[in-house]
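Chain by chain, the residues:
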Amino acid sequence: GKATGKATGKATGKAIGKAIGKAKKKKVAPGGPNKAAAAKKEGAGPGKKAKAARTAQVAPERELEQQPDPWAPLRSPYGGRLSQAEQLAKLRGGVLETVLALSKAGLAPPLTRFGEQQLAAAFAAAANAAAASASDCGGGSGGDDDDTDGGLKTPADHRAATQGAGLTTTGPTPALPGADLSLAGLGLERVDVSDGEAAWARVVRLDLSGNPLSDGCTLGGKNCFLRSLSLARVGRSSWAKIGDMPHLLSLDLSHSAVDPAGLGALLEAGPAIRELRARGCGLRADALAALGKLEHLEELDLAENMIDSAESLQRSLAPVRRGLKSLAVAGNPFLDSGREAFAQWLTAECPCLRDVDGAAPEIALKQTTDLAELAQFAGSAGGDGAVQDSASCSCLEGNPCAVPYNCKDWPNRFKVAEDRRRELGYLLTR
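What you see is a predicted model, and the numbers here were worked out from it, not measured in a lab. In this numbering scheme, every chain counts its residues from 1 along its sequence in written order. Local features in this predicted model are restricted to residues whose pLDDT is 70 or higher, and side-chain atom pairs enter the listing and the counts only when it is 80 or higher, whereas totals over whole chains, interfaces and linings include all residues. As a convention, hydrogens and water are excluded, and side-chain values are obtained from all of the structure's heavy atoms.

> Looking at this model, I keep getting lost on the pairing of strand β5 (residues 176-182). Mind explaining?
For a regular strand, side-chain orientation follows a simple rule: the groups alternate between the two sheet faces. Exposure classes here rest on a 1.4 Å probe applied to the protein chains alone. A residue is buried below 20% of its type maximum, exposed above 50%, and partly exposed in between. To qualify as a helix, a DSSP run of H or I must reach at least 4 residues; to qualify as a strand, a run of E must reach at least 2; elements of each kind are numbered from the N terminus. Taking burial as the measure, the seven residues of β5 include six buried ones, the bulk of the element. Note: two strands are recorded as paired if DSSP finds a minimum of 2 bridges between them. Where strand β1 (residues 96-102) lies against β5, five bridges are found, and the strand directions are parallel. For Val 99, the partnering residue across the bridge sits in β5 and is Asp 180. Judged from the four bridges that link them, β5 and strand β7 (residues 203-207) form a sheet pairing that is parallel. Across the sheet, Asp 180 pairs through a bridge with Arg 205, a residue of β7.

Here you go:
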């Protein structure tokens, strides 16, 4: 009897426990079944709350960490940060402190993808090379040991170089901050710029020319501080996966197959571009509407394309005509019949234009092949045939004019430039 009672009690207890568990799961929330359904829909259960709390704790780790701009410490002689025009001038005439160049001959096996791991290895090699050079310079080893592998340069050159696995790194001491990365002609099919990596944030100049890049490439983003990018001869037709490149000043697309959508995506990603090379890209007039996005454009190379309408080209150049200083259009079909009209439009609408195809606009677009006539025309246009300086007032860009004839307010040029730099955000306020 006792055994039977115990067994019955255990079975009953289990049944009651299960029933209570089911009742708790189906328990109606205060306020009726409608609020219970709403609470279920919102996922207010304790398990989901705990999961949400864990997600909230992990979320900050997934956010991209903002990296510093390598050129942020550079200062203008006129005060504050460098203007875009000053940055482009430094980029053309200066050397970056770290130069990384990979050669295809020394890579085994050949690379088809370049990402954060390869870039980190390149920077590590550069650091090792610099340390080796410093050790060689200060160790007093003398000049008896010759570098048979051509690796270390002389300390007098202020350089550190190493040859290994196809990698050459150089770093002159007096240089601009940032890195110059050359991946030209390596046969790369994919380049992945990881937006959260500090290594990519150090790259100021990037050369990807001569690579058969695919549509899987990623460039740009929150931590992109590129000032110069070369995509020449990449043989790619679309660039739809390009992120923002707000600091980009120079873009080279020469001899690359770029469709209108791809060109538009690139120019939209780099609204600060001042120098654009698109020679031999097979572009037609309808593909140039995207030029209107580049309000700071100064130098444009459209030579050897398929532009067959001067009127369409004029419409595309209209938004940027005021600041345009250099233009190349040689080798386009529209010059066969519309040369004179286009020359007149440039003279009337482009006040800052200094050269067309490497010569004064009056000479370059003169429809004649008689050298004597050209010489006479050049003499009447510029006295001695020199290119006339029709530059606009540089005070409006934040840099005081150097000569009075093109300045809009010569006596107050420093005040005008300072106010303009403050408007553009180059002067930091405390």
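Past the structure itself, the notes keep going.
> Hey, could you run me through the pattern of salt bridges in this one?
For side chains bearing opposite charge, pairing can occur when the charged atoms are close. Take a side-chain nitrogen of Lys or Arg and a carboxyl oxygen of Asp or Glu: if they are within 4 Å of each other, that pair is a salt bridge. According to the stated counting rule, one finds 14 salt bridges in the structure shown. Notably, a salt bridge pairs Arg 113 with Asp 192, separated by 2.9 Å at the nearest N-O pair. Separated by 79 residues along the polypeptide, Arg 113 in strand β2 (residues 113-114) and Asp 192 in the loop between β6 (190-191) and α6 (198-201) bring together distant segments of the chain. Here Arg 113 falls in the partly exposed class, since its relative accessible area comes to 38%. The closest approach of N and O atoms between Arg 321 and Glu 349, which form a salt bridge, is 3.0 Å.

> In this structure, what is going on with the nonpolar core? I would like to understand it.
The tendency in soluble globular proteins is for nonpolar side chains to be buried side by side. The definition of a nonpolar core used throughout is a set of buried Ala, Val, Leu, Ile, Met, Phe, Trp, Tyr and Cys residues joined through side-chain atoms within 4.5 Å. Within the largest apolar cluster, 70 residues are counted, with the highest numbers of intra-cluster contacts made by Leu 251, Leu 276 and Phe 342. Elements with a minimum of two residues in this core: β1, α5 (116-138), β5, α6, β7, α7 (260-269), α8 (310-317) and α9 (335-349). Take this core: its biggest share by element is five residues, from α9. Throughout, a contact is declared for two residues whenever any of their heavy atoms are within 4.5 Å. Once residues within four sequence positions are removed from consideration, Leu 276 is found in contact with Leu 251, Leu 253, Leu 267, Leu 291, Leu 294, Leu 297, Glu 299, Leu 300 and Asp 301. Within the second largest apolar cluster, ten residues are counted, among which are Trp 71, Leu 88, Leu 176 and Leu 249.

> For this particular structure, what's the right way to read the pairing of β7?
For β7, the buried fraction is high: four of the five residues fall into the buried class. Of the strand pairs in this sheet, β7 and strand β8 (residues 228-230) are connected by three bridges, and their pairing is parallel. The residue of β8 that forms the bridge with Arg 205 is Ser 228.

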